[in-house]
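# Structure assessment
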Amino acid sequence: MRITGISTHVVGTPWRNLTYVQVHTDEGVTGVGETRMLGHTDALVGYLKEAQANHILGADPFDTEALVRRMKYGDYGRAGEIVMSGIALVEMACWDIKGKALGVPVWQLLGGKVTDRVKAYANGWYTTERTPEAYHKAAQEVMARGYKALKIDPFGTGHFELDHEQSLYAVSLIEAVRDAIGPETELMLEMHGRFSPATAVRLAHELAPFKPAWLEEPVPPENLKALEKVAAKVDMPVATGERIHDRIEFRELFESQAVDIIQPDVGHIGGIWETRKLAATAETHYMLVAPHNVGGSVLTAASLQVGFTTPNFKILEHFNDFADAEIKKVVKGAPEVVDGYFYLSDAPGLGVELDTDAAAEFPQQQARFDLWAEGWEQRRPKESR
């Protein structure tokens, strides 16, 4: 079997463009991959055009490891977010092809299942007025859909510091959410790399009474010493990793033991097998895995292949019941959350198919997502609000 070409499809919304790649073969089997870029979609599509000629055409999709290595190292440049995301798209699609050709789900090819279900947590649900009352109501709606976990960044436009008034307001938002969801639901606290270590620690202590399940990316990701300062002074689990785009770059994070949960994005770190390798290393450091997942249904399906086969897999993020829920129709067989969990599927490959006609209904947009802009949590660019 040989790859005869790739086709690229961009599904657009005002705040995120989802890039899908179909990998075509000479035996008529087609696989699909997906990632979500922020502000770099055109660069990704341009890279894929070059990579198709330089590395992809004529490759055997069953030799996925060799193809990944050529794409990563064959251009003699250090692979960053764009290259690793391009690799992820093609790599996912190759796994999809292998599963379809052999008539088995990808999780079977990764060593078989260790669980029949993966817990989901909701994100993108608080696209509403930033008040305790509105967040209380929105959180109740999440619970009504059966979720047993959700995540929130309550810190507005906070950057390095958060003054006393805004700190009290953030606490009031979390208090309202915890009241809405009850004591048993997991509540993930997201900081989006906003704060200095001192501010992150102070806020973590102020929010500790509401029992956050983890403290996510408390400081910017470039300085691991700053992260170590936070981890040493808080009692809740610390999570990070969505903005690390190479498995090798996690080495210092493992050595520091500064986090309890790593959050690689399958669509940015080179795909399914790269994530599974990373998860195995995390297991040797007694760390859990909870992938970042702001993509659509194909990326969710790919992340679940890792989840069903990974002993130290904790939970999977899910946006698509709340933010841009209409885009789910571009994927046939989209994974669904039932009573708070994704359940194992025996469908071959990734178990999903891209509907290109439906995808064409959502053309690429000039999508923007500025975490430092007022009203960012509504996930609508300024000109649309």
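In this convention, every chain numbers its residues from 1, walking through the sequence in written order. Note on the predicted model: pLDDT of at least 70 is required for a residue's local features to be given, and 80 or more for side-chain atom pairs to be given and counted; whole-chain, interface and lining totals, by contrast, use all residues. For the side-chain quantities, the full set of heavy atoms in the structure was used; hydrogens and water were omitted.

Structurally, Phe 160 can be placed in the loop between β5 (149-152) and α6 (164-181). Exposed residues in this analysis have more than 50% of their type's maximum accessible area, buried residues have under 20%, and partly exposed residues fall in between, with area computed by a 1.4 Å probe over protein chains only. On the basis of relative accessibility, which here comes to 44%, the residue Phe 160 falls in the partly exposed class. In the structure, Phe 160 is positioned 72 residues away from Ala 232 in sequence and 19 Å away in space, judged by C-alpha atoms. Residues are treated as being in contact if the distance between any of their heavy atoms lies within 4.5 Å. Sequence-distant contacts of Phe 160, that is, excluding residues within four places in its chain, are made with Arg 194, Phe 195, Ser 196, Thr 199 and Pro 220. Starting at the N terminus, helices and strands are each numbered in turn, a helix being any DSSP run of H or I of at least four residues and a strand any DSSP run of E of at least two.

Taking 1.5 Å of rise per residue, 16 residues should cover 22 Å, yet helix α1 (residues 41-56) covers just 19 Å from first to last C-alpha, more than 12% shy of that figure. A maximum bend of about 30° is found in α1 at Glu 50. Those residues of α1 that sit buried are Thr 41, Leu 44, Tyr 47, Leu 48, Ala 51, His 55 and Ile 56. Against the buried residues of α1 lie β1 (3-12), β2 (17-25), β3 (30-37), α2 (64-73) and α3 (81-102). After α1 finishes, the residue Gly 58 shows a positive phi value of roughly 85°. Expected span of a helix: the number of residues minus one, times 1.5 Å. The angle between axes fitted to the seven residues ending at a residue and the seven residues starting there is what we call the bend at that residue.

In the contact formed by α6 and helix α7 (residues 197-207), the axes pass within 10 Å of each other and the chain directions differ by 40°. In terms of axis orientation, α6 runs oblique to α7. Where α6 crosses over α7, the handedness of that crossing is right-handed. Seen from α6, the contacting residues are Ser 167, Ala 170, Val 171 and Ile 174; seen from α7, they are Arg 202, Leu 203, Glu 206 and Leu 207. Throughout this entry, Asp, Glu, Lys and Arg are counted as charged residues, while Ala, Val, Leu, Ile, Met, Phe, Trp, Tyr, Cys and Pro are counted as nonpolar. The remaining residues, Gly among them, count as polar. Grouping the amino acids of the contact of α6 with α7 by side-chain chemistry returns five nonpolar, one polar and two charged. Angles shown run from 0 to 180 degrees and are taken between the N-to-C directions of axes, each axis being a line fitted to C-alpha atoms and, for helices, limited to the stretch in contact. Oblique is the label for any angle not covered by the other classes, which are roughly parallel (under 35 degrees), roughly antiparallel (over 145) and roughly perpendicular (65 to 115). Should the near helix be turned counterclockwise from the far one by less than a right angle, the crossing is left-handed, whereas a clockwise turn marks it as right-handed.

On to the domain arrangement of the protein chain, then. All the domain ranges listed were derived from an automatic or database domain assignment. Partitioning the protein chain into structural domains gives domain 1 (3-105) and domain 2 (108-349). Summarising the inter-unit geometry, the C-alpha centres of domain 1 and domain 2 are found 25 Å apart. Tallying the contact residues gives 33 residues for domain 1 and 37 residues for domain 2. Buried area, as used here, totals the accessible surface that two parts lose on assembly, with accessibility defined by a 1.4 Å probe and the loss added over both. The largest contributions to the domain 1 side of the interface with domain 2 come from Arg 16, Trp 95 and Pro 105, which together make up 24% of the buried area. Put simply, Glu 65 and Lys 277 hold a salt bridge, and the shortest N to O gap is 2.8 Å. Any pair of nitrogen or oxygen atoms within 3.5 Å is treated as a polar contact; in protein, a donor-acceptor pairing is required on top of that, and neighbouring residues in sequence qualify only through side-chain atoms on both sides. At the boundary of domain 1 with domain 2, the tally comes to 23 residue pairs in polar contact (both at pLDDT 80 or more). If you list the elements that add at least two residues to the side of domain 1 that touches domain 2, you get β2, β3, α2 and α3. Taken together, the residues that form the side of domain 1 that touches domain 2 break down as 15 nonpolar, seven polar and 11 charged. Note on definitions: salt bridges are taken to be side-chain nitrogens of Lys or Arg within 4 Å of carboxyl oxygens of Asp or Glu.

Looking now at the sheet that holds β1. Pairing between strands is defined by DSSP: at least two bridges between the two strands are required. Ordered in space as β1-β2-β3, the three strands form an open sheet in which the pairing is antiparallel. The open sheet has two edge strands, β1 and β3, and neither has a second partner. On average, adjacent strands in this sheet sit at an angle of 20° to one another, irrespective of strand direction. Pairing of β1 with β2 involves nine bridges; the strand directions are antiparallel. Of the residues in β2, the one forming a bridge with His 9 is Tyr 20. Sheet contacts for α3: β1, β2 and β3; angle to β3, the most-contacted strand, approximately 150°.

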